Amino acid sequence: MLSAERRSRILESAQREGAVRVSQLVGELGVSHVTVRRDLEALIYDGVLEKVRGGAMLKSTAAEPASPGQGAGGTPAPHRTLGVLIPAAYYFRRVVDGIRSVAAGTGGDVRLLLSNYDRAEEPKLVAELVSTGCAGLLLAPSVGGNDHDALAYLDDVPVPVVLIERAVPGEELGRLSTVRSAHERGVASAMRHLRDLGHTRVALISRGDSQSAVFVRRGWVDAIARYGMDADVPNITGERLGTGPAWEPGGPAAVLEELTSAGVTALLCHGDEDALVLLQHARTHGVSIPGDLSLVAYDDELASLADPPLTAVAPGKEQVGVVATRLLSDLIEGRLGETPVHIQIEPRLHIRQTTARARNA
């Protein structure tokens, strides 16, 4: 059942009974509690329902309750197409899921383009989205942390823009709003977990060159200082290993040997694929995980499927998409004026089987 159909049935029940409960809708629609709550949140956001404990009720101020895709009072909501530009599908698939869920709840649709991290191509793709009539844009441009002029081409875009999983480069004031994962805080939670297990020598592998990788590395440096950990540990980046996804022959073995030689007892690995590669090679090189080396992955797309399952930091990707789309809707409607808004979504730390107390703790 499509989300629009589910929300229509939820609204029919609310109109018939005055209110709906989550437990009731789970049984009627045959979907999970999470799906029902997401649908209710969308209808509440649209001004159709009001939140009550355990469910929702018809909005008391509405003279005539609206249907999905309608505004308050039953007036048709304008059909909108939202333009989305992402560099690749692997990380951003769940972000796009969040975008689509909000767009479907308001009767809109999404036009998606991939840039494949081609900075020269991105201005052309943005222009294409605008030319096809998109009412607003959700963009994840290939921009570094200090590329001050990299987004200058967006100054002339005639529709509202929200950056997803990106920050505006530099420290200058700008006109772009942003929604991203608080990667620095996600890293801090992992480092605090390792510190509590007695680890003081925690290395980092972060081969990417995206802005998110910059945030992860920044969070690692900050956490080492904050928690009094040893700073003379390996910080292995793509400049040494390549930006991936493939490893050079002998690369994983060389990294494990370097970590052992440096007396490292724990490793934060950005992201899951590299953590899985190192986990697999550790077995054949006599490195016990977590006995000799505690391992934390940063991403949590594949971490739970590893053997043993990886402790991992999970950015709230779908929530980033949901919040960014709602923010864009507010900008399109003019509800926020011209002041940029910057929102960070906290990741979650999932503790599994690859972290343990340091042997010398």
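Residues numbered from 1 in each chain as written. Predicted model: local features only at pLDDT ≥ 70, side-chain atom pairs only at ≥ 80, totals over all residues. Heavy atoms only, no water.

### Details of the overall build of the protein chain
The secondary structure content of the protein chain amounts to 11 helices and 15 strands. A globule of 361 residues ought to have a C-alpha radius of gyration of about 21 Å, and the protein chain, at 23 Å, matches this closely. For the protein chain, buried positions account for 49% of its 361 residues. In the protein chain, of all internal contacts separated by at least 6 residues, the share reaching a separation of at least 24 is 71%. Carbon and sulfur atoms make up 50% of the accessible area of the protein chain, which amounts to about 16,700 Å² in all. (Helix = DSSP H or I, 4+ residues; strand = E, 2+ residues; numbered from the N terminus. Rg over C-alpha atoms; globule rule 2.2 N^0.38 Å. Buried < 20%, exposed > 50% of the residue type's maximum accessible area, 1.4 Å probe, protein only. Contact = heavy atoms within 4.5 Å. Areas by Shrake-Rupley, 256 points an atom, 1.4 Å probe, with all protein chains shown as cover.)

### A short note on the packing of aromatic side chains
Summed over all chains, the structure comprises 1 aromatic pair. For the ring pair Tyr91 and Phe92, a centre distance of 5.3 Å and an interplane angle of 70 degrees mean the geometry is edge-to-face. Just above the ring of Phe215 sits the side chain of Arg180; from NZ or CZ to the centre is 3.8 Å. Here the basic side chain of Lys317 rests over the ring of Tyr91, its NZ or CZ set 4.3 Å away from the ring centre. (Phe/Tyr/Trp six-rings, centres within 6.5 Å; stacked < 30°, edge-to-face > 60°. Lys NZ or Arg CZ within 6 Å of the ring centre and 35° of its normal.)

### Things to note about the nonpolar core
Met191, Val255, Leu267, Leu278, Leu293, Leu295 and Leu310 are the most contacted members of the largest nonpolar core, which has 44 residues in total. If you list the elements that add at least two residues to this core, you get helix H6 (183-196), strand S9 (202-206), helix H7 (211-226), helix H9 (251-261), strand S11 (266-270), helix H10 (272-284), strand S12 (294-298) and strand S13 (311-314). By size, the runner-up hydrophobic cluster in this structure holds 19 residues, among which are Val96, Leu138, Leu331 and Ile345. (Core = buried A, V, L, I, M, F, W, Y, C linked by side-chain atoms within 4.5 Å.)

### Some thoughts on the side chain of Asp330
By secondary structure assignment, the location of Asp330 is in helix H11 (residues 317-333). A relative accessible area of 16% places Asp330 in the buried class.

### Thoughts on the pairing of strand S4 (residues 81-86)
Moving residue by residue along a regular strand, the side chains alternate between the two faces of the sheet. Most of S4 is tucked away, with 5 of its 6 residues classed as buried. Alignment of S4 against strand S5 (residues 109-114), held across 6 bridges, turns out to be parallel. The residue bridging Thr81 from the neighbouring strand is Asp109, located in S5. For the segment spanning S4, helix H4 (residues 89-105) and S5, crossover handedness is right-handed. Here S4 runs beside strand S6 (residues 136-139); their pairing, made up of 4 bridges, is parallel. (Pairing = 2+ DSSP bridges. Right-handed = clockwise from strand over helix to strand, strands pointing away.)

### Let's talk about the environment of Leu241
Mapped onto the secondary structure, Leu241 falls in helix H8 (residues 238-241). In the structure, Leu241 is positioned 36 residues away from Ile205 in sequence and 9.5 Å away in space, judged by C-alpha atoms.

### Digging into unusual backbone geometry
The omega angle of the peptide bond from Ile289 to Pro290 is 10 degrees, so this bond is cis rather than trans. By the element assignment, Pro290 lies in the loop between H10 and S12. Note the cis peptide between Asp307 and Pro308, where omega equals 0 degrees. Along the chain, Pro308 turns up in the loop between S12 and S13.

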